[in-house]
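Reading the structure
What follows is each chain in one-letter form.
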Amino acid sequence: MFSVERNLRGHHGTITSLAFSPNMKQLISCSNDKSIILWGLQQKMKAFRFTGHTSSVSDVCFAPAGNLMASCSIDGSLAVWIPNITGESTFWKGHQAAARSVAFTPDGRQILSASDDKTIKLWNVHKSKFVASFNSHTNWVRCTRPSPDGNQMVSCADDRTIKLWDLKSGDCIHTFYEPKAQGNYVEFHPTGTCIGTALSNGVVKIYETRMRKVLQLYEIHNGPVHCLSFHPTSGNYLITASQEGTLKVLDLMEGRPSYTLYGPKGAVHSVKFSPDGGYFATGGADNEILVWKANFSPVLDVADTSSNKTSIKTKIRPSIAGGLQGVDVKKIVASSVTEDRQDIEDASVNSKRTSSIDELEISKKTMDMQISDSHEKTGNANKTEREKRLEIIIGDLVSQVDVLTNTLLALEQRVTFIEDQQKENLGTGIFSNGE
């Protein structure tokens, strides 16, 4: 039922995110090596490497039309790219701490970003303009995704909450509380009526957005679940990726895990279905991307059997399943596939970098990135593989120190604020006694 079709190698660090292009001709990936690679999935198509972020690239996505890509980085920057060899892009400082998540809204006009600065921000793509900020979380925001109709969004954070938002009003509609673990990833079901949540304690939950309750719960992994992906056309299946290096295929109609997939060598950080649901891609700590072929049978709506059209009907029933014991789960090991050695060309750097101030329109400043990029390439030509890896590790450590510094500053500001409040209250009390 599942087989590995391609094995893509080109990154020199952990792969953090993946996305198929809407026409399924290309696949985009990002990594801790600070780069983005646009892979050609058809014969004789070249792969292109995009650089510009100064730290690990944490998330990447395609616009619904496929004409743009967006990325975010631990350095707090956001970028929009044109997916071709010219490498045209626009960068801006979107957050005051590490940016963890980026996603286009369904109309392709706006971008959502989430960050360790505890905020979610909404941006206008074409005008490079700040639109709104969502500030209800009290700890690092790990992920945010819009609903299929674009009216809502969902987010998860280290404060152990899953929040459902109204994108138009900016209000938090509902908060789901997780007492045992924080969410690492969230995603809407294709129908928009459910939310899938990957938790750090190895649990996957499906929330119903209308009744606002847990619909399904799966205790299926021995370590943190990093990512999940719903089957886009039927919505009847869900694939999860975990720290333990396995993938789980969940049958949402039956309410149980059906398959365990083995293939990646190490933690799996990203999994993503293709737009037609015929393939899915995985990437993680082994620096490799596996493209899997999947054959899922659609569920036909009995009411439409008289017509020639196939109608997909999803029936997700309440379920609590423990996939680690007592459940019959088929195990599938990925067959060995010859490494797909694509020639990766560096996309020409033609970028605009802009600086942003919170809740103000971004002021545009043009920067010549070609000179600095050419110097970087010349210096890297003589570096050994070991030196490159050391640079990546050092860069990640520097980013983590920056995040800790920003956190300490925020704590200091909060302590100062609390002290000022106490002084005011004390002064008010003394004044009242004096009267």
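Along each chain, the written sequence defines residue order, and numbers are assigned to residues from 1. Only residues with pLDDT of at least 70 get local features here, since the model is predicted, and only at 80 or more are side-chain atom pairs given and counted; chain-wide, interface and lining totals rely on the full set of residues. Only hydrogens and water are set aside when side-chain values are computed; all heavy atoms of the structure are taken into account.

1. Looking at the sheet that holds strand S27 (residues 279-284)
Here the rule is simple: two strands pair whenever DSSP picks up at least two bridges between them. Put simply, DSSP H or I for four residues or longer makes a helix, DSSP E for two residues or longer makes a strand, and each gets a number counted from the N terminus. Read from one edge of the open sheet, four strands run S1-S28-S27-S26, paired in antiparallel fashion. The strands lining the two open edges of the sheet, one partner per strand, are strand S1 (2-9) and strand S26 (268-273). Strand after strand, the sheet turns through a mean of 20 degrees between neighbouring axes, direction not considered. Two elements, S1 and strand S28 (residues 288-294), share seven bridges in a ladder whose sense is antiparallel. Within the sheet, the bridge partner assigned to Arg9 lies in S28 and is Glu288. Here, axes are lines fitted to C-alpha atoms. For helices the fit covers the stretch in contact, and angles between N-to-C directions go from 0 to 180 degrees.

2. Some details on the environment of Arg49
Examined against the element boundaries, Arg49 turns out to sit in strand S5 (residues 47-51). By definition in these notes, contact holds between two residues if any of their heavy atoms fall within 4.5 Å. Discounting chain neighbours no more than four positions away, the residues touching Arg49 are Gly10, Asp33, Ser35, Ile36, Ile37, Ile344, Glu345, Asp346 and Ala347. Under the rule applied, a polar contact is a pair of N or O atoms within 3.5 Å (in protein, one hydrogen donor and one hydrogen acceptor; residues adjacent in sequence only if both atoms are side-chain atoms). Among the polar contacts listed, one links the side chain of Arg49 to the backbone oxygen of Gly10, at a separation of 3.2 Å. Among the polar contacts listed, one links the side chain of Arg49 to the side chain of Ser35, at a separation of 3.5 Å.

3. What to know about the side chain of Ser229
Summarising the element assignment, Ser229 is placed in strand S22 (residues 225-230). Look at Ser229 and you get buried, because its relative accessible area is 2%. In this structure the side chain of Ser229 is engaged in a polar contact, spanning 3.2 Å, whose partner is the backbone nitrogen of Phe273. Once residues within four sequence positions are removed from consideration, Ser229 is found in contact with Glu187, Tyr237, Leu238, Ile239, Val271, Lys272 and Phe273. Burial classes follow relative accessibility: with a 1.4 Å probe on protein chains only, a residue under 20% of its type's maximum area counts as buried, one over 50% as exposed, and anything between as partly exposed.

4. Considering the pattern of salt bridges
Salt bridge, as used here: a side-chain nitrogen of Lys or Arg that lies within 4 Å of a carboxyl oxygen of Asp or Glu. Scanning the entire structure with this criterion turns up seven salt bridges. For Glu178, the salt bridge is made with Lys205, and the minimal N-O distance between the two is 2.9 Å. Pair noted here: Glu178 is in the loop between strand S17 (172-177) and strand S18 (183-188) and Lys205 is in strand S20 (residues 203-208), with a separation of 27 residues, a long-range link. For the pair Glu178 and Lys205, one class covers both residues: buried. As a salt-bridge pair, Glu288 and Lys265 come within 3.7 Å of each other at their nearest N and O atoms. Placement of Glu288 in strand S28 and of Lys265 in the loop between strand S25 (256-262) and S26 is noted, with a sequence separation of 23 residues between them. Judged by relative accessible area, which is 8%, Glu288 ranks as buried. With a relative accessible area of 57%, Lys265 lands in the exposed category.

5. Focus: unusual backbone geometry
Leaving glycine out, the prevailing phi sign among residues is negative, and the prevailing peptide bond configuration is trans. Phi at Lys34 takes a positive value of approximately 75 degrees, unusual for a residue other than glycine. You can see Lys34 is positioned in the loop between strand S3 (26-31) and strand S4 (35-40). Judged by relative accessible area, Lys34 falls into the partly exposed class, the value being 27%. You will see that Arg160, though not glycine, has its phi angle at about 65 degrees, which is positive.

6. Some remarks on the packing of aromatic side chains
Centre distance within 6.5 Å is the pairing criterion for rings of Phe, Tyr and Trp, where only the six-membered ring of Trp is used; planes under 30 degrees apart are then read as stacked, over 60 as edge-to-face, and the remainder as tilted. Overall, the coordinates contain 10 aromatic pairs when judged by the stated rule. Residues Phe2 and Tyr259 carry aromatic rings whose centres are separated by 5.2 Å and whose planes lie at 75 degrees to one another, so their mutual orientation is edge-to-face. One end of the pair, Phe2, is in strand S1; the other, Tyr259, is in strand S25, with 257 residues separating them in the sequence. Exposure class is identical for Phe2 and Tyr259. Each is buried. Ring geometry for Phe273 and Phe280: centres 5.8 Å apart, planes at 70 degrees, overall edge-to-face. Of the residues examined, Phe280 reaches a relative accessible area of 0% and is grouped as buried. Taken together, the ring pairs connect Phe2, Tyr259, Phe273, Phe280 and Trp292 into an aromatic cluster.

7. With respect to the sheet that holds strand S12 (residues 120-124)
The strand order across the open sheet built from four strands is S10-S11-S12-S13, with neighbouring strands paired in antiparallel fashion. Of all the strands in the sheet, the pair left with one neighbour each is strand S10 (99-104) and strand S13 (129-134). Pairs of neighbouring strands in the sheet enclose a mean axial angle of 20 degrees, with direction left out of account. Pairing geometry for S12 and S13, over five bridges, is antiparallel. What sits directly across from Lys121, in S13, is Ser133.

8. Quick word on the environment of Gly108
By the secondary structure assignment, Gly108 is in the loop between S10 and strand S11 (110-115). A sequence separation of 41 residues divides Gly108 from Asn67, and the C-alpha atoms of the two residues are 9.6 Å apart. Once you skip the residues sitting within four places of it in the chain, Gly108 turns out to touch Pro64 and Val125.

9. Here we look at the confidence of the model for the protein
Confidence of the predictor at the level of single residues is given by pLDDT, which spans 0 to 100. With 72% of its residues at a pLDDT of 70 or more, the protein shows a mean pLDDT of 81. For residues 299-313, every residue scores under 50 in pLDDT, and the model assigns this stretch 15 contacts once sequence neighbours within four places are set aside. Scored below 50 in pLDDT, residues 323-328 makes 12 contacts in the model with residues more than four places away or belonging to other chains.

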